[in-house]
Amino acid sequence: MKNKDIIELTERFVAKTYNRFPVVFVKGKGCRLWDADGAEYLDFVSGLAVCGLGHSHPDLVKAVQEQAAGLIHISNLYHIEPQAKLAKALCERSFADKVFFCNSGAEANEAAIKLARKYFSNRGESGRYKIITAYGSFHGRTMATLTATGQERFHHGFEPLLEGFEYVPFNDIDALKKAVDISTAAVMLEPIQGEGGVNIPGEDYLKKVRALCDESGLLLILDEVQTGMGRTGKLFAYEHFGITPDIMSLAKGLGGGLPIGAMLAKEDIAEAFVPGSHASTFGGNPLAARAGLAVME
C-alpha cells in the first residue's frame, strides 16, 4: 500500500488523538526511516524519545526474535526470567531495590503516586496524601497523572480533576517549602522538564529538594520517563545532581521501541505494595522485558 492509501484508512478508522504528518513509515535502520513510497528520511524524533538505540538495532532485533519464538506472554502469576534479569540490571545500576513493571510512562507514574499514598497509609498516616508537582511538568494522561501534570492545556475538558495535587514553580525552592503542609506525602519532579520546554534546574535545586524531603519526611519521586536511559549523558539524570530519589519512573527508551514502563523504589517504600495492591497484566511480560534487557546490555 502507498502512503495515501494508509492515510485514508487512518483517517477513517483511527481515533483522531494526534495531528499526524502525511507520511507512513514502513522501515527503519539506525537513524534513518523509509516511507511506503520509498522516500528516505533522517529521523530527529526517535519515536518521541523511545528509540535510543536507533531503528532495528541488531542486538535488540535478535533478542526480540529469540524471545518471540520461545514465549511472548505469560501471566505475572508466574516467575518470568527476562523480567527478573531486567529488574536486577536496573537495581544494580540505580538507587533502587525493587522494580514494578508496567507498559508506559503514565502507568509508571500512576504506580509511583499510588505507592506514595499506600506507604503513608500503611504507616497509619492516611492524612498524608498530597503530592506537589511543578508548573510546566508532564507526567502522563491517566486521570491521576494528568492531574499531576502542571499544565492547564492538558486539563481542559477533563475536569473535575482528582484532589490531592498542588503545583509550584519549577526551580523555586522557596515556593516548594511554602506548599508543604501536614497533608503532603511527596514531591514529584522531572529532573529536567521535557514537555514544559526542556527546563534545566539550577545546580543545587534538586539537592535542596532532597534536603527538604528528608527534613519533612516526604518522599521524592523523580519522573525519568524522558530523561532516563542515557538521554542526558548518564544512565539516569539524577546522577548529574548528586542525589537519589525514593521512587523513580522509567519508560520510553527502556524497551528500545517495545512498550514497557518501570517504577523503581527503595526497599522500605516498595514494601507498601503487597499482593493485590497493584498489578499490570502485560507489565514486564517476557517479550517486553527481554527487549528492555537487550537495551540495558
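Because the structure is predicted, anything quoted here is derived from the model rather than measured. (Residues numbered from 1 in each chain as written. Predicted model: local features only at pLDDT ≥ 70, side-chain atom pairs only at ≥ 80, totals over all residues. Heavy atoms only, no water.)

1. Some remarks on helix 3 (residues 58-70)
Here is step 1 of the chain: Here helix 3 contains 13 residues, and its C-alpha end-to-end distance of 18 Å stays within 8% of the 18 Å for a straight helix at 1.5 Å per residue.
Here is step 2 of the chain: Along helix 3, the residues classified as buried are Leu 60, Ala 63, Val 64 and Gln 67. Buried positions in helix 3, seen along its axis, are confined to an arc of 95 degrees and lie on one side of it. With respect to the buried face of helix 3, the exposed residues turned more than 90 degrees away are Pro 58, Gln 65 and Ala 69. (Helix = DSSP H or I, 4+ residues; strand = E, 2+ residues; numbered from the N terminus. Expected span 1.5 Å × (residues − 1). Buried < 20%, exposed > 50% of the residue type's maximum accessible area, 1.4 Å probe, protein only. Arc of directions from axis to C-beta.)

2. Section: a nonpolar patch on the surface
Here is step 1 of the chain: A cluster of nonpolar side chains, namely Met 1, Leu 9, Phe 13 and Val 14, defines an oily patch on the protein surface of about 430 Å² accessible area.
Here is step 2 of the chain: Its place among the elements puts Phe 13 in helix 1 (residues 3-13). (Patch = residues over 30% accessible without salt bridge, like charges linked within 9 Å, V, L, I, M, F, W, Y side chains within 5 Å. Areas by Shrake-Rupley, 256 points an atom, 1.4 Å probe, with all protein chains shown as cover. Salt bridge = Lys/Arg side-chain N within 4 Å of Asp/Glu carboxyl O.)

3. Remarks on helix 5 (residues 105-122)
Here is step 1 of the chain: Look at helix 5: 25 Å from first C-alpha to last across 18 residues, which is about the 26 Å you get at 1.5 Å a residue.
Here is step 2 of the chain: Three or more residues of helix 5 are buried, namely Gly 105, Ala 106, Ala 108, Asn 109, Ala 111, Ala 112, Ile 113, Leu 115, Ala 116, Tyr 119 and Phe 120.
Here is step 3 of the chain: The N-terminus of helix 5 is capped by Ser 104, whose side-chain oxygen sits 3.2 Å from the backbone nitrogen of Glu 107.
Here is step 4 of the chain: Downstream of helix 5 by one or two residues, Gly 124 has phi in the positive range, about 80 degrees. (Polar contact = N/O pair within 3.5 Å; in protein donor to acceptor, adjacent residues only side chain to side chain.)

4. Brief notes about the environment of Val 180
Here is step 1 of the chain: Note that Val 180 resides in the loop between helix 8 (173-179) and strand 7 (184-189).
Here is step 2 of the chain: Remark: the alpha-carbon pair of Val 180 and Met 296, spanning 116 residues in sequence, is separated by 37 Å.
Here is step 3 of the chain: Not counting residues up to four positions away in its chain, the partners in contact with Val 180 are Ile 132, Leu 212, Ser 216 and Leu 218. (Contact = heavy atoms within 4.5 Å.)

5. Description of unusual backbone geometry
Here is step 1 of the chain: Of note, the bond from Glu 159 into Pro 160 is cis; its omega dihedral lies within 30 degrees of zero at 5 degrees.
Here is step 2 of the chain: Of note in the backbone geometry, Asn 171 takes a positive phi value of approximately 70 degrees without being a glycine.
Here is step 3 of the chain: Position of Asn 171 relative to the elements: it lies in the loop between strand 6 (165-168) and helix 8.
Here is step 4 of the chain: The exposure class of Asn 171 is partly exposed, given its relative accessible area of 37%.

6. So, the sheet that holds strand 3 (residues 40-42)
Hydrogen bonds between backbone atoms are what pair the strands of a sheet, whose relative direction is either parallel or antiparallel.
Here is step 1 of the chain: Pairing in this open sheet of three strands is antiparallel, and the strands run 1-2-3 from one edge to the other. Across the chains shown, the open sheet's two edge strands, defined by having one partner strand only, are strand 1 (25-29) and strand 3. Between one strand and the next, the sheet's axes are offset by a mean angle of 30 degrees, whatever the strand orientation.
Here is step 2 of the chain: In the sheet, strand 2 (residues 32-35) pairs with strand 3 via three bridges, with the strands oriented antiparallel. Within strand 3, the residue paired with Trp 34 across the bridge is Glu 40. (Pairing = 2+ DSSP bridges. Axes fitted to C-alpha atoms, helices over the stretch in contact; angles between N-to-C directions.)

7. Regarding the packing of aromatic side chains
Here is step 1 of the chain: Inspection of every chain in the model, using the stated rule, returns eight aromatic pairs.
Here is step 2 of the chain: Arranged with centres 5.8 Å apart and planes meeting at 80 degrees, the rings of Phe 95 and Tyr 238 form a pair that is edge-to-face. Remark: Tyr 238 occurs in the loop between strand 8 (219-223) and strand 9 (247-250) and Phe 95 occurs in the loop between helix 4 (81-92) and strand 4 (98-102); sequence separation between them is 143 residues.
Here is step 3 of the chain: Note on Phe 95: relative accessible area 12%, which makes it buried.
Here is step 4 of the chain: Using a relative accessible area of 5% as the deciding quantity, one classes Tyr 238 as buried.
Here is step 5 of the chain: Where Tyr 135 meets Tyr 167, the ring centres are 5.8 Å apart and the plane angle is 50 degrees; that geometry is what we call tilted. (Phe/Tyr/Trp six-rings, centres within 6.5 Å; stacked < 30°, edge-to-face > 60°.)

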